[in-house]
Amino acid sequence: MAFEGLADRLQNTMQKIRGKGKVSEADVKEMMREVRLALLEADVNFKVVKDFIKKVSERSVGQEVMKSLTPGQQVIKVVKEELTELMGGEESKIAVANRPPTVIMMVGLQGAGKTTTTGKLANLLRKKYNRKPMLVAADVYRPAAIKQLETLGKQLDMPVFSLGDQVSPVEIARQAIEKAKEDHNDYVIIDTAGRLHIDEKLMDELKEIKELSNPNEIFLVVDAMTGQDAVNVAQSFNELLGLTGVVLTKLDGDTRGGAALSIRAVSKTPIKFVGLGEKLDALETFHPERMASRILGMGDVLTLIEKAQANVDEEKAKELEKKMRTASFTLDDFLEQLGQVRNMGPLDELLKMMPGANKIKGLDNLQVDEKQISHVEAIIQSMTKEEKEHPEIINASRRKRIAKGSGRTVPEVNRLLKQFEDMKKMMKQMTGMQQKGKKKGGFK
Ligand code: GDP
């Protein structure tokens, strides 16, 4: 997970000052020394660190903190606000053209994750905003790139516009936009060519595509793991081409987070999305405030709620609620619940979004055993329909058969059945209490 070291160090430092009823200038100085080291160690750009410390120091010894009743907490508030500001303040929205299609140009160096991100972005636009994107294969120099995009298009069941690698990218972009108009695709995402280094020829070509397609967004895709290199690439691309946003990929593998904290200040371009894995749904809108919150161990409840809303079917949730009320919840329902929670992402990542999660001892090393869940799923899947609806018929020989079918042991099957039984009992008790409550209310 990104920012591990930084989060640890900052949280320790904040802990020291949190409860203080009085904060002296010396306290602030001491704290800023630690914050400075933490940021430098996280590979945040040197000049960015300097400016950040200056701002936080000035505010921390100012009236808003010193005169407050809880100066310790005020300092933390200042750090959070300035961290948020550093990453761009408000979250930035994705453009919508007055007359569709909205054109998005994806640019970046080879290997940064440009083609993958093109697919992820299209997926997000459809899933979250109900859009109908078309992907455009304009990377004619890396032979595999066109194929890769076509494969992504198939996976997503989305149109991919390609003219092979013998036509100029500028012409491909021109024809793609025409085609999108005809087919009523409201977003056109152009996957342009990458190079190993920034060179003049590449930039000239990108400028030409830009002039012709008049894009609403130009997103630079950079690899978070390359740290300050990513920051320099962003700065150069912005100077030469003009960017509207950065997509920071591979944040899942970047433990330091320096690029995320420096890009906006150095390149003057906000981060709009972050890539958190290889899968097509591993792209998230970048929210500076939520990220600052996570770094300081204040949790990220909003993201958690959004994940739940995106993955839990509302109709199904209502149905389930009714089943719980009438105590007709079956093992099949239980299985479905497990599936929905799993869709939200790895469980340990979810847990880390809870406020105060960092203070729970051992959570850092916690590896939620996803295998355990798979075992439970396998056991339930090995039951017949009747068994799932009426688990009380599962006798010893059935237990043996289920264990064998799922590749688990009989004690594991027993444990699951017992847990399910307990859960049903609890539901019944709760329902009973509700019923009583209702009757009482009715006597008026
Ligand atoms: P391109 O040359 O810039 O088009 O790069 P690709 O899209 O081919 O990606 C290069 C590699 O990075 C591929 O193996 C991707 O699966 C991987 N990748 C892209 N984005 C992410 C991400 O957010 N996290 C991780 N872990 N891998 C990623």
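- The name recorded for the chain in an unreviewed UniProt entry is Signal recognition particle protein, from Mesobacillus maritimus.
- Check the Sequence similarities (unreviewed entry) section of the UniProt entry for the chain; it says "Belongs to the GTP-binding SRP family. SRP54 subfamily."
- Quoted verbatim from the Subcellular location (unreviewed entry) field of the UniProt record, the comment on the chain reads "Cytoplasm".

### So, the pairing of strand β1 (residues 102-108)
Now for step 1: Within β1, seven of the seven residues are buried, which leaves it mostly tucked inside the rest of the structure.
Now for step 2: Residues Thr102, Ile104, Met106 and Gly108 line one face of β1 and the alternating positions Val103, Met105 and Val107 line the opposite face, and both faces are buried.
Now for step 3: Sheet topology note: the β1/strand β4 (residues 187-192) ladder contains five bridges and is parallel. Considered in β4, the bridge of Val103 is made with Val188.
Now for step 4: Here β1 runs beside strand β5 (residues 217-223); their pairing, made up of five bridges, is parallel. Looking at the pairing, Ile104 lines up with Glu217 of β5.

### Notes on the environment of Lys16
Now for step 1: Among the structural elements, Lys16 can be located in helix α1 (residues 4-18).
Now for step 2: Overall, Lys16 belongs to the partly exposed group, with 13 C-beta atoms counted inside 10 Å.
Now for step 3: Measuring from C-alpha to C-alpha, the distance between Lys16 and Asp27 comes to 9.8 Å, with eleven residues separating the pair along the chain.

### A few points about the site of the ligand
Now for step 1: Near the ligand you find 18 residues, and of these Gly113, Lys114, Thr115, Thr116 and Gly275 are the closest.
Now for step 2: Here the element with the most residues in the shell around the ligand is helix α6 (residues 114-129); it accounts for three residues.
Now for step 3: Grouping the amino acids of the shell around the ligand by side-chain chemistry returns three nonpolar, eleven polar and four charged.

### Some remarks on the sheet that holds strand β3 (residues 160-161)
Now for step 1: Taken in spatial order, the eight strands of this open sheet run β3-β2-β4-β1-β5-β6-β7-β8, and their pairing is mixed. Each edge of the open sheet is held by one strand with a lone partner, namely β3 and β8 (283-285).
Now for step 2: Two elements, strand β7 (residues 271-275) and β8, share three bridges in a ladder whose sense is antiparallel. Each bridged residue has a counterpart across the sheet, and for Gly275 the counterpart in β8 is Leu283.
Now for step 3: Packing against the sheet, α6 makes contact with β1, β2 (133-138), β4, β5, β6 (245-249), β7 and β8, and its axis sits at approximately 170° to β4.
Now for step 4: Relative to β5, helix α10 (residues 228-241) is tilted by about 160°, and along the sheet it contacts β1, β5 and β6.

Conventions and cut-offs
Residues numbered from 1 in each chain as written. Predicted model: local features only at pLDDT ≥ 70, side-chain atom pairs only at ≥ 80, totals over all residues. UniProt positions renumbered as here; feature names shortened; annotations may be inferred. Buried ≥ 20, exposed ≤ 12 C-beta atoms within 10 Å, placed from the backbone. Helix = DSSP H or I, 4+ residues; strand = E, 2+ residues; numbered from the N terminus. Pairing = 2+ DSSP bridges. Near = placed C-beta within 6 Å. Nonpolar A, V, L, I, M, F, W, Y, C, P; charged D, E, K, R; others polar. Contact = placed C-beta atoms within 7 Å. Axes fitted to C-alpha atoms, helices over the stretch in contact; angles between N-to-C directions.

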